[in-house]
Amino acid sequence: MIVPILRTIIADDEALARKKLRVLLGAEFGVEVVAECQNGAQTLSAVLAHRPDLLLLDIQLPDLDGFQVLERIPSEQLPLVIFTTAYDQYAIRAFESQALDYLLKPFHQERLHRALERAKSELMRSHEENVKARLMDLLRDTKPGATPLSRLVIRTSGRVVFLETHEIDWIEAAANYVKLHVGKDSFLLREGIGRLAARLEPERFVRIHRSFIVNTSRIRELQPCESGEYIAVLKDGKELSCSRGCRAQLQKLIEGSL
């Protein structure tokens, strides 16, 4: 069994606390510290820059506290979070924030080890689910006569949303996710934009850019640019760039073939 390397960020305003964590982590197998931060702003920047697997996060930080840091991290970039704090009154709020564990200072090697093992297990489970999903997508996409998607099931904020694909206005790529724009709402779905494009109805959805898919019924007009490209203007006024690589699809749209 391959054990994942936990790329980890330490966030604590106390130098001695950061040093202790470094020493404890140094005794663990499969942990790589990619950054150390002493305030909330540094932590937010480090998470966005390094895309870690794990964030060891103190709650009482200068400028932004630990919860404010998490609120500012886009959901698709949120790592596993283990709080490390001297205050026990925040435990319930921490777990409501989807924290994996809550370490109360002073904690010892064995307690940290158990938390890290949970993080590794969660990371492996996530990787296995991604591989399984990709294989299922591949089998579905290569199956003769595969039926295009008509409905998506999305889990968000403890809810399960059943979304009919014809309700989607447009879709944008977001790393390993796509963001589905539906009126004033948006939903994140863990799927690559290329795989999703292949599963949608070709008569209804057109990929106009490597990062955008548009519901053709939502396009109000196409505005030509000097470069020979177009701007797609949706009925709600949203403007999206159309790349040259998607020119054939756009030409079909202009000619009424879609």
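A brief look at the structure comes next. (Residues numbered from 1 in each chain as written. Predicted model: local features only at pLDDT ≥ 70, side-chain atom pairs only at ≥ 80, totals over all residues. Heavy atoms only, no water.)

1. Quick notes on the sheet that holds strand β2 (residues 31-37)
1) Next: With respect to topology, five strands assemble into an open sheet ordered β2-β1-β3-β4-β5, the strand pairing being parallel. Two strands close off the open sheet at either side, each with one partner strand: β2 and β5 (101-104). The average angle at which neighbouring strand axes cross in this sheet is 20 degrees, direction not considered.
2) Next: The pairing of strand β1 (residues 6-11) with β2 spans six bridges and is classified as parallel. Residue pairing across strands places Ala11 opposite Cys37, the latter belonging to β2.
3) Next: Set on the sheet, helix α1 (residues 15-26) makes contact with β1, β2, β3 (54-57) and β4 (80-85); between it and β2 the angle comes to about 170 degrees.
4) Next: Packed onto the sheet, helix α2 (residues 40-50) meets β1, β2 and β3 and runs at close to 140 degrees relative to β2. (Pairing = 2+ DSSP bridges. Helix = DSSP H or I, 4+ residues; strand = E, 2+ residues; numbered from the N terminus. Axes fitted to C-alpha atoms, helices over the stretch in contact; angles between N-to-C directions. Contact = heavy atoms within 4.5 Å.)

2. Quick word on the sheet that holds strand β8 (residues 170-174)
1) Next: Taken in spatial order, the five strands of this open sheet run β10-β9-β8-β12-β11, and their pairing is antiparallel. Sheet topology places β10 (185-189) and β11 (205-209) at the edges, where each strand pairs with a single neighbour. Neighbour-to-neighbour, the strand axes of this sheet turn through a mean angle of 25 degrees, independent of strand direction.
2) Next: Two elements, strand β9 (residues 177-182) and β10, share five bridges in a ladder whose sense is antiparallel. Bridge pairing in β10 links His181 to Ser186.

3. With respect to the packing of aromatic side chains
1) Next: Per the stated rule, a full pass over the model turns up six aromatic pairs.
2) Next: Aromatic side chains Phe95 and Tyr102 sit 6.4 Å apart centroid to centroid with 45 degrees between the ring planes, which places their arrangement in the tilted category.
3) Next: Seen from their ring centres, Trp170 and Phe212 are 5.9 Å apart, and the 75 degrees between their planes marks the pair as edge-to-face. Pair noted here: Trp170 is in strand β8 and Phe212 is in strand β12 (residues 212-215), with a separation of 42 residues, a long-range link. With respect to class, Trp170 is no different from Phe212; both count as buried.
4) Next: An aromatic cluster is present here, built from Phe67, Phe83, Tyr87, Tyr90, Phe95 and Tyr102 joined pairwise through their rings.
5) Next: Positioned above the aromatic ring of Phe67, the side-chain terminus of Arg93 is 4.0 Å from the ring centre. (Phe/Tyr/Trp six-rings, centres within 6.5 Å; stacked < 30°, edge-to-face > 60°. Buried < 20%, exposed > 50% of the residue type's maximum accessible area, 1.4 Å probe, protein only. Lys NZ or Arg CZ within 6 Å of the ring centre and 35° of its normal.)

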